[in-house]
Amino acid sequence: MSVINVSRRTLFQAAGATALVLGWRVRDAHAAKVPPVDDTLHLGAHTNDIDVHLNHWVRIASDGTVTIRCGSVEMGQGASTALPMILADELDCDWAKVRVEGVPVAKEYKRLGVELPVKVQLTGGSSSVRGYWDFLRDAGAAARAMLIAAAADQWGVEPEDCTTEAGTVRCADKVADYGSLVRVAAAMPAPRKPTRKSASDFTLIGTSPPRLDLPAKVDGTSPFGIDVQLDGMKHAAVRWCPHYGGALVSFDASKVLAMPGVVDAFSMSSKSDYGDAVVVIADSTWRAMKAADVLDIQWDKGAGAGLDDAAVDAALTEALDNGTRRPIHKSGQFADDTASVEALYTVPYLEHAAIEPLNATAHITSRGCRIWAGVQGPELAQDIAHKISGIPADKISVHTMMLGGGFGRRGEVDAVEVAVQAAMRVDAPVKVTYTREQAFGKGAYRPVVWARMKADVTGGLAGWSTELVAQNMLARKMPGFLVNSKLGRVVVYDGFHAMPYGVPHQRLHTTNVDFPITTGFWRSVHGSHNGFFRECFLDECAHALGRDPTVLRRELLANSPRELAVFNLAVEQAGPVPAGQSRGVALFESFGAICAQVADITVVDGQLTIHRVTAAIDAGTVVHPDSVKAQVMGAITMGLSSALGERLSFADGAVTATNFHQYPMLRLGQTPSIDVHVVPSTEPPGGVGEPGLPPAPAALCNAIFAATGIRIRSLPIGDQLSARS
Amino acid sequence: MAKLRVNGVDHNIDVPADTPLLWVVRDHIGLTGSKFGCGLGQCGACTMHLNGAPVRACVLPVSAAVGQEVVTIEGLGDHPLKQAWLDFQVPQCGYCQSGQLMAAAGLLADNPRPTNADIGEAMTNICRCGTYDRIRRAIHQAAAALPEPPPPVEEADGEDAPEEPLPADLDAGGAGPSSAPGGMVR
């Protein structure tokens, strides 16, 4: 168990020169209907036996090895263990005999849109378990029914009299293992509506077997996109136009082309809104990067000229005061003249800062185009490669590698664009690797967002008004009418339009503001700002009312029993406030889950120490509780990091931070002890990767207020404590 | 042409002397466990050992490593940290973990019973997934699996009693399958 058999040797040594060696052989009726897998995610027990497909999610070898396909990419969230567990539980197979492989781009492997009525092959939005839950349960249950049918047929008994357990079918004293039944089973009709287990019969779901992807992540063999090595491979480095809104005027490659190992330099224009770039191709990563450093490029700053932090602030102020306010939600009658508490909250642009710099490898031959990359949307990668090269989509294969962090940034395909453009110019595979400076300079940042909130605290929290001003990240991807529809705005206002708190008079407006800076999905999306805005302003209201923030929240959650239970669990688990420490609490519901957090801190002479964060999450039915704890722990850490020091500044439309030394991120020494408690539930699964983030900055800032009386309304906290204490 | 010794194996390399050790190891020798993260010695994803001490290979010219002993994650061997990393299910995306492990191995070689403060000071590698809390717990466990350090020679007065390596709040059963390491946790 847990042995990793990545088809790495095959890929890395032979794939460039020979036809793709498939990791399996197929000789069964279903095989023709199952799209071939052509990626590199292979985890778990290895078998040399011949597999037989029962459907497009699962096949079984005669030695009992069960191969389950994982529709999501693995970017650390543990999907490559949790998703196969869902099918394996319904199948009643032996988990120790399960191996896992990725999927090609194919309609069969799209997940439910979760929030939208469309199916997509995109890992994001905390939707892996939610999006594949029904498909995997049905696929497992159907396969189990076919195996039972095969055994019943063989034994001359009724299927109803057979049971399954750990990879065997049983009836009275008869036992047959799946491996011996699978050939016959494959010929059995698949039930149209397979009978699923009841939750009380789950044997795997709700347990935490060791993650299948971790052994290779501990010994250094896990194959990330950046690790792809192919015969004769060239290496590319890119210089994107640093000025958002700018463009390429000209470049002089003569000096670069004279450098040893450099084979080409060319300019390109993005087809996914990333602007212009100059690309260098060389015979090694280092040579390509060095060459790109000395490229002589003239950029026109265009709309980026003069775009700096002050200009951004001015535009937001203008939008707040005079912009087109779109009413989103109204209940009761909020009247401005009743508002006695008012505050303006702000958050800055943020970079995802995944530690694996963006990269992609492409190889174009007469047979088509092959792409190796760690991308959240392999479908998007295929599509952009088609747009650039004109190669038909069915001749473009996407080999999804391990992702060294996604956080939303790898839902973009700019690196794939560069790799494909480069591969069109040389007769060899080309890998582009971004420098960290390029990763900072060309992003899909969490947008700047401001919120002006007002509250009527006459005799309790009677009224609440929120005015959000935001650069809508969807503006660059969707037509205007969609951006201004509910669909487009949901990325901005969620958390305010259906607050779990009982506030009689509510009003919510949003105002869009446009900048040429590219923005996108950043872990927890709207929650990354609205959790901070809402939960800190609620704290302000509690103090204005002279009420304890914990007690007030409990009262306001009287009609939201699920939220109240999560909140109470976190507070109860946190126990009494440790002597000398100060406490902040926060709650936020997002991506189908509810998370509450308690932060215990001290501030001494302006020096903040976060001692402990206690969290509770209700994510409905949980497949792998330890992964849920890990995701919440990680999201808390990222949330605290963003709150403490992260901020992108701009000058002439260009990001001023070039590397980590100018973008302070949380390190181990600043990280609190984190305890996560999972609410037992039989409700449908919720999301897990993102809901842990939104409460973290708020719980921290509320604790800071309790400790110091300083109300943080602008993130990051930066030096606000030392400057004002 | 120079000889570079990595994980006990000599490699003939022919690259400019200022090429960072990281790129020689990754692109020329083909050992890809050490990662590129920043190119500025900031994030630690590239951490290797040079003569037993952790170094950030993305900013170390290969010329400084020629004639020295270089060890990468592939050469770390059967270190108790690896088992601790699995017991606590530390990695998420896993990209920074080679560097984290090499940094932790360097720490334990120097300081077999580190306190939380020692760990915080030595472990400056960035993990964007936020696995720090589990890394800290795993280092304590691995330290406990290492042989007792020899008793200090001086300090007979007992003034500098070693700190408790696992404070109560770190052992309270939060994140991490600490109750049944590496096993099924219901």
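Residues numbered from 1 in each chain as written. Chains lettered and ligands numbered in written order. Predicted model: local features only at pLDDT ≥ 70, side-chain atom pairs only at ≥ 80, totals over all residues.

**Thoughts on the overall build of chain A**
Thought 1: Scanning chain A from N- to C-terminus turns up 19 helices and 30 strands.
Thought 2: In terms of overall dimensions, chain A is globule-like: its C-alpha atoms have a radius of gyration of 27 Å, near the 27 Å expected for 725 residues.
Thought 3: The principal-axis extents of the C-alpha atoms in chain A amount to approximately 80 × 75 × 45 Å.
Thought 4: A burial count over chain A gives 59% of its 725 residues as buried.
Thought 5: By sequence separation, contacts in chain A at least 24 residues apart represent 77% of the contacts at least 6 residues apart. (Helix = DSSP H or I, 4+ residues; strand = E, 2+ residues; numbered from the N terminus. Rg over C-alpha atoms; globule rule 2.2 N^0.38 Å. Buried ≥ 20, exposed ≤ 12 C-beta atoms within 10 Å, placed from the backbone. Contact = placed C-beta atoms within 7 Å.)

**Details of the pairing of strand S11 (residues 234–240) of chain A**
All names here are of chain A.
Thought 1: Among the seven residues of S11, seven are classified as buried, and the element is accordingly described as predominantly covered.
Thought 2: Side chains Lys 234, Ala 236, Val 238 and Trp 240 of S11 all project onto a buried face; the interleaved residues His 235, Ala 237 and Arg 239 project onto the opposite face, where all are buried too.
Thought 3: In this sheet, strand S21 (residues 430–433) lies alongside S11 in parallel orientation, the contact comprising three bridges. Its bridge partner being in S21, Lys 234 is matched across the sheet by Val 430. (Pairing = 2+ DSSP bridges.)

**Considering the domain arrangement of chain A**
Residue and element names in this part refer to chain A.
Thought 1: When its domains are assigned, chain A resolves into domain 1 (8–218), domain 2 (225–302 + 358–433) and domain 3 (309–350 + 444–724).
Thought 2: With 19 residues of domain 1 at the contact, the number on the domain 2 side is 24 residues.
Thought 3: Taken together, the residues of the side of domain 1 that touches domain 2 sort by class into nine nonpolar, seven polar and three charged. (Domains from an automatic or database assignment. Nonpolar A, V, L, I, M, F, W, Y, C, P; charged D, E, K, R; others polar.)

**Topic: the packing of helix H17 (residues 625–645) of chain A against helix H18 (residues 695–708) of chain A**
Residue and element names in this part refer to chain A.
Thought 1: Look at H17 against H18: their axes get within 7 Å of each other, and the N-to-C directions meet at 55°. Between H17 and H18, the angle is such that the two are oblique. For the crossing formed where H17 meets H18, the hand is right-handed. On H18, the residues that touch Ile 636, Gly 639, Leu 640, Ser 642 and Ala 643 of H17 are Ala 696, Pro 697, Leu 700 and Cys 701.
Thought 2: Considering only residue class, the contact of H17 with H18 consists of seven nonpolar, two polar and no charged. (Axes fitted to C-alpha atoms, helices over the stretch in contact; angles between N-to-C directions. Parallel < 35°, antiparallel > 145°, perpendicular 65-115°, else oblique. Left-handed = near helix turned anticlockwise from the far one by under 90°.)

**Topic: the interface of chain A and chain B**
It is common to give the size of an interface as the accessible area that goes away when the parts come together.
Thought 1: Tallying the contact residues gives 58 residues for chain A and 55 residues for chain B.
Thought 2: Going through the elements one at a time, helix H5 (214–218), helix H7 (285–293), H17 and strand S30 (673–678) of chain A are the ones with two or more residues in the side of chain A that touches chain B.
Thought 3: At 10 residues, the largest contribution of residues to the side of chain A that touches chain B is made by H17(A).
Thought 4: Counted by class, the side of chain A that touches chain B contains 26 nonpolar, 21 polar and 11 charged residues.

**With respect to the pairing of strand S24 (residues 505–512) of chain A**
Residues and elements named next belong to chain A.
Thought 1: When you tally the buried positions in S24, you get seven out of eight residues, the bulk of the element.
Thought 2: Relative to S24, strand S16 (residues 326–331) is paired through five bridges, and the arrangement is antiparallel. Within the sheet, the bridge partner assigned to Ser 331 lies in S24 and is Gln 506.
Thought 3: Pairing of strand S23 (residues 463–470) with S24 involves eight bridges; the strand directions are parallel. Looking at the pairing, Leu 468 lines up with Thr 510 of S24.

**With respect to the confidence of the model for chain A**
Thought 1: Summing up the model confidence of chain A, the mean pLDDT is 92 and the portion of residues at 70 or higher is 94%.
Thought 2: Note that pLDDT drops below 50 for residues 1–27 of chain A; the model gives that stretch 46 contacts with residues more than four away or on any other chain. (pLDDT = per-residue confidence, 0-100.)

**Some thoughts on the environment of A:Pro209**
Thought 1: Tracing the sequence through the fold places A:Pro209 in the loop between helix H4 (178–186) and H5.
Thought 2: Between the C-alpha atoms of A:Pro209 and A:Ser72, which are 137 residues apart in sequence, the distance is 19 Å.

**Some points on the environment of A:Pro191**
Thought 1: As for its placement among the helices and strands, A:Pro191 is situated in the loop between H4 and H5.
Thought 2: Excluding residues within four positions of it along the chain, A:Pro191 makes contact with A:Ala142 and A:Ala145.

**With respect to the nonpolar core**
A general feature of soluble globular proteins is that nonpolar side chains tend to end up buried together.
Residues and elements named next belong to chain A.
Thought 1: Counting residues in hydrophobic clusters, the biggest one holds 280 residues, and the most contacted among them are Ala 236, Val 280, Ile 371, Val 416, Ala 419 and Ile 617.
Thought 2: Sorting elements by how many residues they give to this core places helix H3 (residues 128–155) first, with 16 residues.
Thought 3: For Val 280, the residues in contact, after removing those within four places along its chain, are Ala 236, Ala 237, Val 256, Val 262, Ala 265, Ala 288, Ala 291, Ala 292 and Leu 295. (Core = buried A, V, L, I, M, F, W, Y, C linked by C-beta atoms within 7 Å.)

**Some points on unusual backbone geometry**
All names here are of chain A.
Thought 1: Omega for the bond connecting Leu 715 with Pro 716 falls within 30 degrees of zero, at 0°, which places this linkage in the cis form.
Thought 2: Positive phi, normally seen in glycine, also occurs at Val 525, with a value near 50°.
Thought 3: Examined against the element boundaries, Val 525 turns out to sit in the loop between S24 and helix H14 (527–544).

**Considerations on the environment of A:Ser714**
Residues and elements named next belong to chain A.
Thought 1: As for its placement among the helices and strands, Ser 714 is situated in the loop between H18 and helix H19 (720–724).
Thought 2: With 15 C-beta atoms packed within 10 Å, Ser 714 lands in the partly exposed category.
Thought 3: Through-space distance from the C-alpha of Ser 714 to that of Tyr 345 is 5.7 Å; in sequence the pair is 369 residues apart.

**Remarks on the domain arrangement of chain B**
All names here are of chain B.
Thought 1: We note that the domain assignment places domain 1 (2–75) and domain 2 (80–150 + 166–170) within chain B.
Thought 2: Taken together, the contact between domain 1 and domain 2 spans 15 residues of the former and 12 residues of the latter.
Thought 3: Taken together, the elements giving at least two residues each to the side of domain 1 that touches domain 2 come down to strand S3 (47–50) and strand S4 (53–56).
Thought 4: Of all the elements, S3 adds the most residues to the side of domain 1 that touches domain 2, at three residues.
Thought 5: Class assignment of the residues belonging to the side of domain 1 that touches domain 2 gives a composition of seven nonpolar, seven polar and one charged.

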